[in-house]
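Structure at a glance
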Amino acid sequence: MSVKDDLEARSGSTCELCTATNNLEVFEVEPVSISGVDSSILACETCRTQIEDPEQMDPNHWRCLNDSMWSEYDSVKVVAWRMLSRLKSEGWPKDLLDMMYLEPETLDWAKATGEGLAEADKIIHRDVNGVILENGDSVVLVKDLKIKGSSQVAKQGTAVRRISLDRENAEYIEGKVGPTLTVIITKYVKKI
Ligand SMILES: [Zn+2]
């Protein structure tokens, strides 16, 4: 039996992403070390075109992932994860991603093409002057800052060393003010 025959058997001759039944072809899920059923999915032309060309993405088509992300096959889950990552800014795909669980090895496979990274790269932290902040930088406070959950106030001019960036929000960094680790808003700090 060919890979295509095997995939047709496991999927009941439907697209493993959107259940369409026409123009089905084998789609290899990169990176492929051993070609075969385990590293492939059966996908319709609509799905294949949009996977390969982000310019042609129709976010609504991918509502189908709501079901197919629960596939028992890793190769299907990997593609679902990648497409949800690509569409994350739509909102609903992010909710689905949060529900999805991949075994560590499968997650490494899903991440191997760098899908979803572009989104994270867009989060750039800047200080009050627009200077880009990075993990490990030191900053000073440009205004007095109330420390959340305490009565303490950190005075303007207080240095905060070795900050860490909030990966999900460009407006927040974390740093130690005295002994307390606290969240600080980027527009209230200046890089030193
Ligand atoms: Zn499809």
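Structure first, text after, so check above.
For the structure given in this document, a descriptive report is provided here. It should be emphasised that the depicted structure is a prediction, and the values quoted were computed from it without experimental measurement. (Residues numbered from 1 in each chain as written. Predicted model: local features only at pLDDT ≥ 70, side-chain atom pairs only at ≥ 80, totals over all residues. Heavy atoms only, no water.)

A few words now on the sheet that holds strand 7 (residues 164–165). Read from one edge of the open sheet, three strands run 7-8-9, paired in antiparallel fashion. Since the sheet does not close on itself, it has two edges, and those belong to strand 7 and strand 9 (180–185), each with one partner. (Pairing = 2+ DSSP bridges. Helix = DSSP H or I, 4+ residues; strand = E, 2+ residues; numbered from the N terminus.)

With that settled, consider the coordination of the zinc ion. Protein coordination at the zinc ion comes from Cys15 (SG), Cys18 (SG), Cys44 (SG) and Cys47 (SG), with a distance range of 2.3 Å. Each of the four donor atoms around the zinc ion contributes to a set of angles spanning 102 to 117°, which defines the coordination as tetrahedral. Judged by its relative accessible area of 17%, Cys18 is buried. (Donors = N, O, S within 2.8 Å, 3.2 Å for Na, K, Ca; no water. Tetrahedral: all angles 85-135°; square planar, octahedral: opposite > 155°, others 65-115°. Buried < 20%, exposed > 50% of the residue type's maximum accessible area, 1.4 Å probe, protein only.)

Before going further, it helps to spend a moment on the packing of helix 4 (residues 74–86) against helix 6 (residues 104–111). Where helix 4 contacts helix 6, the two axes come as close as 9 Å, and the packing angle between them is 50°. The orientation of helix 4 with respect to helix 6, classified from their angle, is oblique. The two elements helix 4 and helix 6 cross, and the hand of that crossing is right-handed. Residues Asp74, Ser75, Val78, Trp81 and Arg82 of helix 4 pack against Thr106, Leu107, Trp109, Ala110 and Lys111 of helix 6. Counted by class, the contact of helix 4 with helix 6 contains five nonpolar, two polar and three charged residues. (Axes fitted to C-alpha atoms, helices over the stretch in contact; angles between N-to-C directions. Parallel < 35°, antiparallel > 145°, perpendicular 65-115°, else oblique. Left-handed = near helix turned anticlockwise from the far one by under 90°. Contact = heavy atoms within 4.5 Å. Nonpolar A, V, L, I, M, F, W, Y, C, P; charged D, E, K, R; others polar.)

A few words now on helix 1 (residues 3–11). Among all positions in helix 1, only Leu7, Arg10 and Ser11 are buried. Viewed end-on, helix 1 has its buried residues packed into an arc of 90°, placing them on one side of the element. Among the structural elements, strand 1 (25–28), strand 2 (40–43) and helix 4 are those in contact with the buried residues of helix 1. Phi for Gly12, located one or two positions after helix 1, is positive at around 70°. (Arc of directions from axis to C-beta.)

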